[in-house]
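# An overview of the molecular structure
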Amino acid sequence: MKLLSPLSLAIMAAMSAAPAIAKEPIEIIKPAKITAPEKVELGKMLFFEPRLSKSGFISCNSCHNLSLGGVDALPTSIGHNWQEGPINSPTVLNAEYGLAQFWDGRAKDLKEQAGGPIANPGEMGYTHELAVSTVNSMPAYQAKFEAIYGKNSVNIDNITDAIAEFEKTLVTPNSPFDLYLQGDQTAITSEAKAGYQLFKSRGCTSCHNGPAVGGTMYMKMGLVKPFHTDNPAEGRIAVTGNAADKYVFKVPTLRNIELTYPYFHDGATWTLEEAVNTMADIQLGQQLSEKETHEMVAFLKSLTGEQPEIVLPILPPSNANTPKPVPFEK
């Protein structure tokens, strides 16, 4: 019999001692790796910068509040001049894992998404030109852009690039379920374990899988039965023009789902229990018992990870060259 070398024995011992990560449809969320801290810090400033809006009041954080799980906890968001938004605001947490951005996937990535609300008259109500002029009016911003991007570099491309770089850091690792996947059987309750088995056996993982437990595909809302809503959004058809894409939306992430109420693109559902039963009914054609609903919700709550710890940035003051806000437009 061939004897193993001391090195081989050491490797085998190390492998046997390491906790095995289960081969499951859901993967762990990894902590953010920051390779450009100056750009991330600039992006954070711009994420919290209300002067990127016409009113001087609305920032990215208004609809993606980092104190509220990256959402505004409203059925639909409040835009410029108190306009009612057309759709529920999705969470910015773990958004980098999505195949695209917005419910209809009209933005290919976080950078493209960041530019949309600024110039949308129903959201931040500004223009890209005025946003650039506002940022460029402040010497402190000019200096930061020059240090990162070079001279005369305050433009909408770099503004959205910096915001996206910050948003990429907004991940939520070390949820109880992540710890469970890494071998800690005590990290989640028996109810959550039973809920996860239901989540798999009932077919939920066909859409909700991967690190973000969703966000990687499009699916019709109301696959088996119609989804009844007063919300006018029609999903991917607005992007593709294809009739088959009517009511097809990006599958949302289930990470931190207990924090990101109200649910669905219309924001009309306020409890996880109702959301779970609605999805079982209209997407799978199934009914859950009260016990099964309780177990499924326990599993979903185990997906809440460590929230980003954000130190609020101190923004530079406006000056005589800074465009004036128009908060009460007639």
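The structure reproduced in this document is the subject of the present report. All of these numbers come straight from a predicted model, not from anything done at the bench.

## A look at the pattern of salt bridges
Applying the stated criterion to the full structure yields twelve salt bridges. Among the salt bridges present, the one from Lys111 reaches Asp157, with a minimum N-O distance of 2.7 Å. Of this pair, Lys111 sits in helix 4 (residues 110–119) while Asp157 is found in helix 7 (residues 156–167), placing the two residues 46 residues apart along the sequence. You can call Asp157 partly exposed: its relative accessible area is 39%.

## Quick notes on the side chain of Ser175
Within the fold, Ser175 resides in the loop between helix 7 and helix 8 (176–181). Since its relative accessible area comes to 0%, Ser175 is described here as buried. A distance of 3.3 Å separates polar atoms of two side chains, one belonging to Ser175 and the other to Arg255. In this structure, Ser175 is in contact with Arg255, Ser302, Leu303, Thr304 and Gly305, ignoring residues within four places of it in sequence.

## Section: helix 4
Every buried residue of helix 4 is listed here: Leu110, Gln113, Ala114, Gly115, Pro117 and Ile118. Residues of helix 4 that are buried sit in contact with helix 5 (128–136) and helix 7. Among the residues of helix 4, the N-terminal cap falls to Asp109, whose side-chain oxygen and the backbone nitrogen of Lys111 are separated by 3.3 Å.

## Things to note about the side chain of Ser53
As for its position among the elements, Ser53 is in the loop between helix 2 (37–47) and helix 3 (60–63). Side-chain polar atoms of Ser53 contact the backbone oxygen of Pro50, separated by 2.6 Å. Ignoring sequence-local partners within four residues, the contact set of Ser53 consists of Ile58, Met124 and Tyr126.

## Concerning the packing of helix 11 (residues 272–284) against helix 12 (residues 290–301)
One can describe the packing of helix 11 onto helix 12 by two numbers: an axis separation of 10 Å at closest approach and a directional angle of 110°. Classed by the angle they form, the pair helix 11 and helix 12 counts as roughly perpendicular. Judged by the twist between their axes, the crossing of helix 11 over helix 12 is right-handed. Contacts between helix 11 and helix 12 involve Leu272, Glu273, Val276 and Asn277 on the former and, on the latter, Thr293, Met296, Val297, Leu300 and Lys301.

## Considerations on the environment of Gln307
In this fold, Gln307 is placed in the segment after helix 12. On the basis of relative accessibility, which here comes to 28%, the residue Gln307 falls in the partly exposed class. When the C-alpha atoms of Gln307 and Ser175 are compared, they prove to be 9.6 Å apart, with 132 residues separating the residues in sequence. Not counting the four nearest positions on each side in its chain, Gln307 is found in contact with Gly69, Leu93, Thr172, Asn256 and Leu259. For Gln307, the side chain forms a polar contact with the side chain of Asn256, separated by 3.0 Å. A distance of 3.0 Å separates a polar side-chain atom of Gln307 from the backbone oxygen of Gly305.

## Notes on the packing of helix 2 against helix 7
At a minimum axis separation of 7 Å, helix 2 and helix 7 run at an interaxial angle of 100°. One element, helix 2, and the other, helix 7, form an angle in the roughly perpendicular class. Listed contacts from helix 7 to Lys39, Val40, Leu42, Gly43, Lys44, Leu46 and Phe47 of helix 2 are Ile159, Asp161, Ala162, Ile163, Glu165, Phe166 and Glu167. By residue class, the composition of the contact of helix 2 with helix 7 is eight nonpolar, one polar and five charged.

About the thresholds
- The residue numbers shown here count from 1 along each chain, following its written sequence.
- A pLDDT threshold of at least 70 governs which residues receive local features in this predicted model, and a stricter bar of 80 or more applies before side-chain atom pairs are shown or counted, although totals over entire chains, interfaces and linings include all residues.
- Excluded from the side-chain calculation are hydrogens and water; included are all heavy atoms of the structure.
- Any carboxyl oxygen of Asp or Glu that lies within 4 Å of a side-chain nitrogen of Lys or Arg is treated as forming a salt bridge with it.
- Secondary structure follows DSSP: runs of H or I at least 4 residues long count as helices, runs of E at least 2 residues long count as strands, and numbering of each begins at the N terminus.
- For the exposure calls, accessible area comes from a 1.4 Å probe over protein chains only, and a residue counts as buried if that area is under 20% of its type's maximum, exposed if over 50%, partly exposed in between.
- We define a polar contact as two N or O atoms separated by no more than 3.5 Å, with the added condition that, inside protein, one atom must be a possible hydrogen donor and the other a possible acceptor, whereas residues neighbouring each other in sequence contribute only through side-chain atom pairs.
- In what follows, a contact means two residues having at least one pair of non-hydrogen atoms within 4.5 Å.
- For helices, the fitted axis covers only the stretch in contact; all axes are lines through C-alpha atoms, and the angles between them, taken along N-to-C directions, range from 0 to 180 degrees.
- Note that the term roughly parallel is reserved for angles under 35 degrees, roughly antiparallel for angles over 145, roughly perpendicular for angles of 65 to 115, and oblique for everything else.
- Here a crossing is called left-handed whenever its near helix is offset anticlockwise from the far helix by less than a right angle, and right-handed whenever the offset is clockwise.
- Any residue that is not Ala, Val, Leu, Ile, Met, Phe, Trp, Tyr, Cys, Pro, Asp, Glu, Lys or Arg is counted as polar, Gly included; the first ten are nonpolar and the last four charged.

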